[in-house]
Amino acid sequence: MGPACTPERSPRLTSTKSTCTCGRPDERFVPRACLVDLEPGTVDVIKASPVGTLFKPDNFVFGASGAGNNWAKGHYTEGAELIEEALDVIRKEVENCDCPQGFQITQSLGGGTGSGMGTLLLLKLRDAYPDRILATFSVYPSPKVSDTVVEPYNAVLSSHQLLENADETFIIDNEALYNISHNVLKMMEPTYADLNYLISCVMAGVTCSLRFPGKLNGDLRKLGVNLVPFPRLHFFLVSQAPLASKENTGYQLVNVKELVNQVYSPRNFFSNVKPDDGKYMTASLIFRGPMKTQEVDEICEKRQTANSDDFVEWIPNNMKTSIVERAPVDYESSCSFWPLV
């Protein structure tokens, strides 16, 4: 389980940087995050990485033996021994917040720690903070990109916990990330850093209206209130635009119409599913960059009218749009898309 969100530096937006980071007197910002694992190896890798010095050393919580890809060990035995230490770190961070809105958990559902201890942490956070939003970014196992035999069992056991205790779950699939890297970004051998960058773009999109000013705000709570028709039905697909290889970045047209076309394209989805096989119940689009509200509304309305068969009839006006003036670092504008299918 990794950092809640990545800090973005902005010289003119000092007041909003504290949403996911806490400031120091020397103007150094520290991510408000707790990193948990049941073995020390992965935590040591993060400590040795270029971003390792960003995090507070006290916020690394790790065990000694690992979960061995076993959900029960992560949830009931090894994880249960470490959970209080992790909750103490989280409690300290929450106490430093002026008004905590919720928690973001990044987890993999194929292994033992992310699935077993991740869902245990979710359960404990739901008990301790029942009125706060719990959003999870869950990497689901896929048949073609598989490391271990027991991945399906871990994922099924975790999904039951996510159904009951999470408010919003964003589904990410390794197979789809590899497909995006190969087919869209033209990378022959993508590294985990490349895949994590894709996920971080979406995570930054979810929280950007908390961190930067905009014409239409949309935070985690608004997302849940507007998009979730039934409490247990909160599993979102994820899509991001623009996505382009480094060679094509300079030639790509990035306007509102092109962004909407890209996020609806099946090859931009972070889950290896076919949206045509089902229907969209609700959907949220968060745009970043200088753009007009009227233009965004007109293009989204045209898209919904032209593709009315793709949306359920019993939820009218089921598209939520938000606009944040601050553009991402890599592009002039971007769009993050979360449909509930």
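Note that the structure is predicted; figures quoted are calculated from it, not measured.

Reading guide: rules and limits
Residues numbered from 1 in each chain as written. Predicted model: local features only at pLDDT ≥ 70, side-chain atom pairs only at ≥ 80, totals over all residues. Heavy atoms only, no water. Helix = DSSP H or I, 4+ residues; strand = E, 2+ residues; numbered from the N terminus. Rg over C-alpha atoms; globule rule 2.2 N^0.38 Å. Contact = heavy atoms within 4.5 Å. Areas by Shrake-Rupley, 256 points an atom, 1.4 Å probe, with all protein chains shown as cover. Lys, Arg positive; Asp, Glu negative; His and termini not counted. Charge placed at Lys NZ, Arg CZ, Asp CG, Glu CD. Salt bridge = Lys/Arg side-chain N within 4 Å of Asp/Glu carboxyl O. Buried < 20%, exposed > 50% of the residue type's maximum accessible area, 1.4 Å probe, protein only. Core = buried A, V, L, I, M, F, W, Y, C linked by side-chain atoms within 4.5 Å. Patch = residues over 30% accessible without salt bridge, like charges linked within 9 Å, V, L, I, M, F, W, Y side chains within 5 Å. Axes fitted to C-alpha atoms, helices over the stretch in contact; angles between N-to-C directions. Parallel < 35°, antiparallel > 145°, perpendicular 65-115°, else oblique. Left-handed = near helix turned anticlockwise from the far one by under 90°.

Engineer: How should the overall build of the protein be read in this particular structure?
Structural biologist: Of the regular secondary structure elements, the protein holds nine helices and 13 strands. Over its C-alpha trace the protein gives a radius of gyration of 20 Å, about what one expects of a compact globule, namely 20 Å for 341 residues. Each of the three principal axes of the protein carries a C-alpha extent, and together these read 55 × 50 × 45 Å. Of the contacts made within the protein by residues no fewer than 6 positions apart, 79% connect residues no fewer than 24 positions apart. As displayed, the protein offers around 16,500 Å² of accessible surface, 54% of which is attributable to carbon and sulfur atoms. For the protein, the centre of its 32 positive side-chain charges and the centre of its 41 negative side-chain charges are spaced 5 Å apart.

Engineer: Whenever I open this one, the pattern of salt bridges confuses me. Can you help?
Structural biologist: Should their charged atoms come close, side chains of opposite charge can pair. Counted under the stated rule, the structure contains seven salt bridges. Of the charged contacts in the structure, one is a salt bridge between Arg-126 and Asp-167, with a shortest N-O distance of 2.8 Å. Highlighted residues: Arg-126 in helix α3 (residues 113–128) and Asp-167 in the loop between α4 (151–165) and β7 (168–173), separated in sequence by 41 residues. The partly exposed category is assigned to Asp-167, whose relative accessible area is 25%.

Engineer: I would appreciate a short explanation of the nonpolar core in the present structure.
Structural biologist: Considering soluble globular proteins, one finds that nonpolar side chains tend to be buried as a cluster. By size, the foremost hydrophobic cluster in this structure holds 33 residues, and its most contacted members are Phe-170, Phe-270 and Trp-338. At the level of secondary structure, the elements contributing two or more residues to this core comprise β6 (133–140), β7, α5 (174–184), α6 (192–211), α7 (220–227) and β13 (334–340). Judged by nonpolar contacts, the second largest core, of 27 residues, contains Ala-67, Ile-90, Phe-103 and Leu-120.

Engineer: Whenever I open this one, a nonpolar patch on the surface confuses me. Can you help?
Structural biologist: Residues Val-149, Val-150 and Tyr-153 make up a contiguous nonpolar surface patch of roughly 330 Å² in combined accessible area. Mapped onto the elements of the fold, Tyr-153 is located in helix α4.

Engineer: Hey, could you run me through the packing of helix α8 (residues 256–264) against helix α9 (residues 293–306) in this one?
Structural biologist: Packed helices, taken two at a time, are described by their axes: the angle between them and the distance between them. Two elements in contact, α8 and α9, have axes separated by 10 Å at closest approach and are oriented at 40 degrees. With respect to α9, the element α8 is oriented oblique. For the crossing formed where α8 meets α9, the hand is right-handed. Residues Val-256, Lys-257, Val-260, Asn-261 and Tyr-264 of α8 form the contact with α9, whose own contacting residues are Glu-295, Val-296, Ile-299 and Arg-303.

So far we have only geometry, and geometry alone does not tell us how the molecule works.
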